[in-house]
Amino acid sequence: AKPTTSVGAVATETAATPVAKGPGLWASLATVLSRPQVWAVAGMEGALLGTVFSFGTLWDLTWQEKAWAHSLYAASSMNAFVMMGFGIGTPLGGWLSARSGRRRLPLQIGSLAAAAMLLLLLLAPQMPVWLADGCLFVMGLACGATVISYPLVCENTPARVHGLAIACVNMAGLPGGRRSPAPGR
């Protein structure tokens, strides 16, 4: 082993190490997109992040103002519960998944719990505020299971395309923020 004494020395040695040339971008993308598991995981990612970004952060405010007659301040305060749940749910979901060694089941449970909370909020809009706060928190907590999609997609693709597979799954969550304003209009 070569002794290194500084970060600069490590960077120089790393830069001088030849990189093995693998398949090109298009071949790697074809490998990733040809796997049904990638599409399934991307769909779960899109649904969970879409719930957080669409309902949980944007159009829920307008909906609360109209359906529940809340002030913008009250609606914003309630919406904070979604992000608090999501902030706790992502590390908790990752930890539970790593500890149990399971990926699919926790992701499915998180998806079902988030859907149940969203349906409860939409179908029972006259619930007490404390119950709505709890539903919003649990919805955010359950959506935190989205973090499990990254190791799951890596377990279903060759190591040489892990970065690209993660990027494809991550991109599936982005349309949630893009389509957000439509339901609130």
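Right, let's walk through the structure included here. Residue positions are given per chain, counting from 1 as you read along its sequence in written order. Totals for whole chains, interfaces and linings use all residues, but because this is a predicted model, local features are given only for residues with pLDDT of at least 70 and pairs of side-chain atoms are given and counted only at 80 or more. The side-chain figures draw on all heavy atoms in the structure; neither hydrogens nor water molecules are used.

### Things to note about the overall build of the protein chain
The test is simple: The helix and strand labels rest on DSSP assignments: H or I over at least four residues marks a helix, E over at least two residues marks a strand, and numbering proceeds from the N terminus. All accessible-area figures derive from a Shrake-Rupley calculation using a 1.4 Å probe, and residue coverage is judged against the displayed protein chains alone.
Across its full length, the protein chain carries 10 helices and 0 strands. For the protein chain, the succession of helices and strands along the chain, N to C, is α-α-α-α-α-α-α-α-α-α. Working note: accessible area of the protein chain is about 10500 Å², and carbon and sulfur atoms make up 70% of it.

### Digging into the nonpolar core
Note the threshold: Here, the term nonpolar core denotes a set of buried Ala, Val, Leu, Ile, Met, Phe, Trp, Tyr and Cys residues that are joined through side-chain atoms within 4.5 Å. Exposure is judged per residue with a 1.4 Å probe applied to protein chains only, and the accessible area is read against the type maximum: over 50% gives exposed, under 20% gives buried, and values in between give partly exposed. Between two residues, a contact is recorded if the distance between any of their heavy atoms is within 4.5 Å.
In this structure, Phe-55, Leu-121, Leu-136, Met-139 and Cys-143 are the most contacted members of the largest nonpolar core, which totals 32 residues. Every element with two or more residues in this core is listed here: α3 (36–67), α4 (72–100), α5 (104–123), α6 (129–143), α7 (149–155) and α8 (162–172). Excluding residues that lie within four positions of it along the chain, Met-139 makes contacts with Thr-51, Phe-55, Gly-56, Val-82, Ala-114, Met-117, Leu-118 and Leu-121.

### So, the environment of Ala-40
Topologically, Ala-40 is positioned in helix α3. Judged by its relative accessible area of 48%, Ala-40 is partly exposed. Considered as a pair, Ala-40 and Val-153 are 113 residues apart in the sequence and their alpha carbons are 9.4 Å apart.

### Notes on α4
The following threshold applies: For a helix, the expected span equals 1.5 Å multiplied by the residue count minus one. The bend at a residue is defined as the angle formed between two axes, one fitted to the seven residues ending at that residue and one fitted to the seven starting there.
Between its first and last C-alpha atoms α4 spans 41 Å; for 29 residues at 1.5 Å apiece the expected length is 42 Å, and the two agree. In the structure, α4 departs most strongly from a straight axis at Gly-89, where the bend amounts to approximately 30° and where the proline Pro-91 lies between one and four residues downstream. Regarding α4, the residues found buried are Ala-75, Met-78, Asn-79, Val-82, Gly-85, Phe-86, Gly-89, Gly-93 and Ser-97. Contact partners of the buried residues in α4: α3 and α6. Positive backbone phi, at 75°, marks Gly-101, one or two positions downstream of α4.

### With respect to α5
Residues that lie three or four places apart on an α-helix share one face, since the helix turns once every 3.6 residues. Here is the rule we go by: Summarising the geometry, the arc corresponds to the directions from the helix axis toward the C-beta atoms.
Over its 20 residues, α5 runs 28 Å from end to end, which matches the ideal 28 Å to within 8%, given 1.5 Å per residue. Every buried residue of α5 is accounted for by Leu-107, Gly-110, Ser-111, Ala-114, Met-117 and Leu-121. Looking straight down α5, one finds its buried side chains confined to an arc of 135°; they lie on one side. Residues of α5 that are exposed and point over 90 degrees away from its buried face: Arg-104, Ile-109, Leu-112 and Leu-123. Among the structural elements, α3, α6 and α7 are those in contact with the buried residues of α5.

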